[in-house]
Amino acid sequence: MAAKVELVPQVADPPEGTVVFLIGMRINSFWKVHRWLPSFTAMVPMLVELHKQKEYGFLGARTWIGRTVVVIQYWRSMDELMAYAHDTDAAHRPAWGRFNRTVADNGAVGIYHEAYVVDPARMHTVYRNMPPFGIAAATDSRPQRAVPVPRERGSGSRQERSTT
């Protein structure tokens, strides 16, 4: 079932300290499937584990697949993300070890990650005619507030401008 489209403009309302984590890979040599396919499939068990075990601090994810694969993840905190990354009993650590032993320097596949701690006072989000999406779907959202905009000279009407 498709998520309900929210007709009232929304903004994300995440708790301070929420982490946006981008992780993925780039296929550099399409013909070396035996080199990049294990990296491509390694993310699936991790995402299954994270969806099932919320105690890790994982809030949600969205994946886009092309030559460069992008998985945007949301976490409660940087400490929880780092704890998961280093947990020898979790799926990530063994997968990272396999990558380093088998793929790391052959050039067939590249990997990356970036992690950012969210400061709600310094972020800007807008969701208009969208189902819950992104950090708003992973955490919380609220209706966007409208604020009066000063009249333009010669205009007899007041306009409203949306703000977060």
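Residues numbered from 1 in each chain as written. Predicted model: local features only at pLDDT ≥ 70, side-chain atom pairs only at ≥ 80, totals over all residues. Heavy atoms only, no water.

With that settled, consider the nonpolar core. Grouped together as the largest cluster of nonpolar side chains are 23 residues, with contacts concentrated most on Trp 75 and Tyr 84. For this core, the elements supplying multiple residues, two or more each, are strand S2 (19-27), helix H1 (33-52), strand S4 (68-75), helix H2 (78-86) and helix H3 (92-102). Among the elements that take part in this core, H1 stands out by supplying six residues, more than any other. Setting aside residues no more than four positions away along its own chain, Tyr 84 makes contact with Met 46, Glu 49, Leu 50, Tyr 56, Trp 75, Ala 90, Ala 91 and His 92. Listed in part, the nine residues of the second largest apolar core include Ala 12, Ile 72, Tyr 74 and Val 118. (Core = buried A, V, L, I, M, F, W, Y, C linked by side-chain atoms within 4.5 Å. Buried < 20%, exposed > 50% of the residue type's maximum accessible area, 1.4 Å probe, protein only. Helix = DSSP H or I, 4+ residues; strand = E, 2+ residues; numbered from the N terminus. Contact = heavy atoms within 4.5 Å.)

Overall, the coordinates contain one salt bridge when judged by the stated rule. Between Glu 80 and Arg 76 there is a salt bridge, with its nearest N and O atoms 2.7 Å apart. Residue Glu 80 is classed as partly exposed on the basis of its relative accessible area, which comes to 21%. On the basis of relative accessible area, Arg 76 is assigned to the partly exposed category, the value being 38%. (Salt bridge = Lys/Arg side-chain N within 4 Å of Asp/Glu carboxyl O.)

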